[in-house]
Amino acid sequence: HLYANPYTGEARRPASATVRDFMASMTSWHRYLALTGDQRPLGKLINGIGNLAFAFLALSGLYIWLPRTWSWRGVKAIALFNFNSTGKARDFNWHNVIGLWCAPILIGLTLTAVPISFRWGGNLIYQLAGEPVPPAGGAPSPREASAASAPGFTRPSPDASPLKLDALVTRVQQKFPQWTQISLRLNGAQRTDATAPVENLKSKIENPITVTIRQAGSWPRTATTTLTLHPSTGEILTQAGHDDLSPARQIRSWTRFLHTGQALGWWGQLIAGLACLGGCFLVWTGFALSWRRFFMKK
């Protein structure tokens, strides 16, 4: 991966290995409960069921939190913090206020996770869009183009040398001067020296190279353009963008990045993060209210 400053064009590499490892660990917990191998589907199922339960709690809670009387006094008691309250009254006030403001966002975050967690959730999008449901393997993404699907591709001869990565990146940069992120996937490449830097990669590449580009000012914000390049000549074999996707796949793309908040930019991620933090307070205040109700008298 290469990232560019959209204002200066200066290229930089991603975060350090420590940050990447930490984020990979958090992602593994979030998706699979940190289970690996054959246990990953189990972890994904448990998290998916927990997500559905949280969506039900948020939906039912939103109904409960709505004021019974639409007067300023009734709305104020539910929508604004009362910093003078203590004990059970404070927990009740915090639970109602945080829940009322965070529930709509949490409902959106949980519902957009359903197509990610469950196959039937993704199939439902295709059915509502009137498109055939993809096979069990899922619909191929634009970045999964192969030699068989790249028109005009002729497999290079055994003695042909692939272009250097710098040359490929330079060609992509010239074609997409507004790029902010470029990702290369060397399909079928095998590194001969695991300790060699990527710039000196010597590999036998027989399939087209997949390049994914993200540009400044693109809409949706998460939209990318995917190219397949000939490994020896650098010729562009195919090019596909967000507008080339079917309506169902465009919706799937939106749900994927609405779940993370990325579809709305940094402020969308900030709001999603704050709502998740609010969800932690809901759990805490909910336990506190239950404790006071069932155990404090004893």
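Remember, predicted model here, so these are calculated numbers, not experimental data. (Residues numbered from 1 in each chain as written. Predicted model: local features only at pLDDT ≥ 70, side-chain atom pairs only at ≥ 80, totals over all residues. Heavy atoms only, no water.)

## Focus on the confidence of the model for the chain
Applied cut-off: pLDDT is defined as a per-residue confidence score from the predictor, taking values between 0 and 100. In this description a helix means any DSSP run of H or I spanning at least four residues, a strand means any run of E spanning at least two, and both kinds are numbered starting from the N terminus. Note on contacts: a residue pair is in contact if any heavy atoms of the two residues lie within 4.5 Å.
The predicted model of the chain averages 82 in pLDDT, with 78% of residues at 70 or higher. In the model of the chain, strand β1 (residues 2–4) stands out as the element of lowest mean pLDDT, 60, in contrast to helix α5 (residues 114–117), which has the highest, 94. This model gives residues 142–148 a pLDDT under 50, and the stretch forms 19 contacts once residues within four places in sequence are excluded. Per-residue pLDDT stays below 50 along residues 190–203; that stretch engages in 13 contacts with residues further than four places along the chain or on separate chains.

## A few points about the side chain of His259
Tracing the backbone shows His259 in helix α8 (residues 247–260). Excluding residues within four positions of it along the chain, His259 makes contact with His30, Leu109, Thr112, Ala113 and Ile116.

## Description of the pairing of strand β4 (residues 209–215)
Going by this rule: Type-normalised accessible area, obtained with a 1.4 Å probe on protein chains alone, sets the label of each residue: buried when under 20%, exposed when over 50%, and partly exposed for intermediate values. Each pair of strands is called paired provided DSSP finds at least two bridges between the two strands.
For β4, the tally of buried residues reaches 5 of 7 residues, placing the bulk of the element in the interior. For strand β3 (residues 179–186) and β4, the ladder comprises 7 bridges, and the chain directions are antiparallel. The residue bridging Arg185 from the neighbouring strand is Thr210, located in β4. Bridge analysis of β4 against strand β5 (residues 225–229) gives 5 bridges, and the strand direction is antiparallel. Across the sheet, Thr210 pairs through a bridge with Thr228, a residue of β5.

## Here's the deal with the pattern of salt bridges
Inclusion rule: Salt bridge criterion: a side-chain nitrogen from Lys or Arg within 4 Å of a carboxyl oxygen from Asp or Glu.
Per the counting criterion, the structure on display carries 2 salt bridges. Among the salt bridges present, the one from Asp91 reaches Arg90, with a minimum N-O distance of 3.3 Å. The partner of Arg292 in a salt bridge is Asp91, and the shortest N-O contact between them spans 2.8 Å. Placement of Arg292 in helix α9 (residues 266–294) and of Asp91 in helix α4 (residues 87–111) is noted, with a sequence separation of 201 residues between them. According to the relative accessible area criterion, Asp91 is buried, its value standing at 3%. A single salt-bridge network, built from bridges that share partners, covers Arg90, Asp91 and Arg292.

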